[in-house]
Amino acid sequence: MNAALPESFDIDGFVAATLAEDLGKIGDITSAAVIPADARFTGVMDSRDPIVVAGLALAEAFFRALDPSVHIERLVQDGDSVAADTDLLRLEGAGRALLTAERSALNTVQHLSGIATMTRRYVDAMAGTGAILLDTRKTIPGLRVLEKYATRMGGAQNHRMGLWDAAMIKDNHVAVAGGVGEAVRRAKTAGIAHIVVEVDRIDQIEPALAAGATHLLLDNMAPAMLRTAVALVDGRVPTEASGGVALDTIRAIAESGVTYVSVGRLTQSAPAADIGLDFTTA
């Protein structure tokens, strides 16, 4: 598991934009009015429930953006599964700065850890089947890199970072092209190497493969139909089950023999993790 954010992700830019949204043109008027300028705080960020951790580097970046000299001790790592009441970070620094950065830091870690936690539950539910869990493009605009990082911390594999990295032929493309085979042929003629084709009927499989599909997405098929589809494909290309996958159905779906199972709700519906941050004066 790679616990590093992609080098292409602009952490400083993300932190600056997030803080600017919160501070506006005036800044944190409450802390400025109530907290003495020379006050020093110590704080502990901790889990209130069992979670899988994600986003600590971002939390640290928020605090350092407002107090470059803040002292931070990271007590766990992204990707760790921790019990309730586990301390995640300890920090000590300028009181006003820590209070001002608190909400942005917490929001980010809560959101990403929530995604990582749900992802781990799905990974555990399909353990031993041989199938691999994939995420999807069902992400909040602007947060895709972070949310897909969180699914990776939970044990999923990233799939399709955007519209640019693979063709994904779905029912609307097929309808306009006049058939699965013709849609695939057009993608292949365009020079696209990786062509994913969504099929929801068994009779679409052979035309897709004959035309050059390199990956089949078996959409909303029950386990029995998935087994039939997998047998027909017979290892010629990877197969992916998608649609209607829930925690209580994923094992039966994964046991059908598919290569992958993709789950949109990992990024679309994961609840925020319950994480707190308590300060005391230093």
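Refer to the preceding data block for the structure.
To start, this report covers the structure provided alongside it. (Residues numbered from 1 in each chain as written. Predicted model: local features only at pLDDT ≥ 70, side-chain atom pairs only at ≥ 80, totals over all residues. Heavy atoms only, no water.)

## Regarding the pattern of salt bridges
As enumerated under the stated definition, the model contains 14 salt bridges in all. Among the salt bridges present, the one from Arg 236 reaches Glu 206, with a minimum N-O distance of 2.7 Å. In this pair, Arg 236 sits in the loop between α9 (223-233) and β10 (239-242) while Glu 206 sits in helix α8 (residues 205-211), placing the two residues 30 residues apart along the sequence. In this structure Arg 236 comes out as partly exposed when scored by relative accessible area, which is 45%. Where Glu 255 meets Arg 251, a salt bridge forms, and the shortest distance between an N and an O atom there is 3.2 Å. Residue Arg 251 is classed as partly exposed on the basis of its relative accessible area, which comes to 34%. Each of Asp 46, Arg 48 and Asp 278 takes part in a single network of salt bridges with overlapping partners. (Salt bridge = Lys/Arg side-chain N within 4 Å of Asp/Glu carboxyl O. Helix = DSSP H or I, 4+ residues; strand = E, 2+ residues; numbered from the N terminus. Buried < 20%, exposed > 50% of the residue type's maximum accessible area, 1.4 Å probe, protein only.)

## Regarding the sheet that holds strand β9 (residues 215-219)
Pairing is parallel across the open sheet formed by 6 strands, whose spatial order is β6-β11-β10-β9-β8-β7. The strands lining the two open edges of the sheet, one partner per strand, are β6 (132-134) and β7 (167-169). Neighbour-to-neighbour, the strand axes of the sheet open up by a mean angle of 25°, direction not taken into account. In terms of strand pairing, β6 meets strand β11 (residues 260-262) through 3 bridges, oriented parallel. Considered in β11, the bridge of Leu 133 is made with Val 261. Against the sheet, helix α7 (residues 180-189) engages β7 and β8 (195-199), with an angle of about 165° to β8. (Pairing = 2+ DSSP bridges. Axes fitted to C-alpha atoms, helices over the stretch in contact; angles between N-to-C directions. Contact = heavy atoms within 4.5 Å.)

## Some thoughts on the sheet that holds strand β12 (residues 275-281)
In spatial order, the strands read β3-β5-β1-β12; together these 4 strands make up an open sheet with antiparallel pairing. What marks the edges here is a single partner per strand, and that holds for β3 (71-74) and β12. With strand direction ignored, the average angle separating the axes of adjacent strands in the sheet is 15°. Helix-sheet contacts for helix α3 (residues 56-66) involve β1 (40-47), β3, β5 (87-94) and β12, and the interaxial angle to β3 is about 170°. Contacts between helix α4 (residues 95-125) and the sheet are confined to β1, β5 and β12, with β12 contributing the most and set at about 165° to the helix.

## Re the pairing of β9
Buried residues dominate β9, accounting for 5 of its 5 residues. Side chains His 215, Leu 217 and Asp 219 project from β9 onto one buried face, and the interleaved Leu 216 and Leu 218 project onto a second face that is buried too. Where β8 and β9 come together, 4 bridges link them in parallel fashion. Each bridged residue has a counterpart across the sheet, and for Val 197 the counterpart in β9 is Leu 216. Between the parallel elements β8 and β9, the chain passes through α8 in a crossover that is right-handed. Note: β9 against β10, 4 bridges, orientation parallel. Looking across to β10, one finds that Leu 218 is bridged to Ala 241. Traced from β9 through α9 to β10, the parallel crossover comes out right-handed. (Right-handed = clockwise from strand over helix to strand, strands pointing away.)

## Overview of the nonpolar core
Residues Met 45, Phe 63, Leu 88, Val 197, Leu 216 and Val 261 are the most contacted members of the largest nonpolar core, which totals 83 residues. Excluding its chain neighbours within four sequence positions, the residues that come into contact with Met 45 are Leu 56, Ala 59, Thr 86, Asp 87, Leu 88, Leu 89, Leu 106, Val 109, Ile 275, Gly 276 and Leu 277. (Core = buried A, V, L, I, M, F, W, Y, C linked by side-chain atoms within 4.5 Å.)

## Re the packing of aromatic side chains
Under the defined criterion, the tally for this structure stands at 3 aromatic pairs. Geometrically, the ring pair formed by Phe 9 and Phe 14 is tilted, given 5.8 Å between the ring centres and 50° between the ring planes. Given a relative accessible area of 16%, Phe 9 falls into the buried group. Ring-pair connections join several aromatic residues into one group, and the members of that group are Phe 9, Phe 14 and Phe 62. (Phe/Tyr/Trp six-rings, centres within 6.5 Å; stacked < 30°, edge-to-face > 60°.)

## What to know about the environment of Ala 273
Locating Ala 273 in the fold gives a position in the loop between α11 (265-268) and β12. Put simply, Ala 273 and Ala 59 are 214 residues apart on the chain and 14 Å apart in space, counted from C-alpha to C-alpha.

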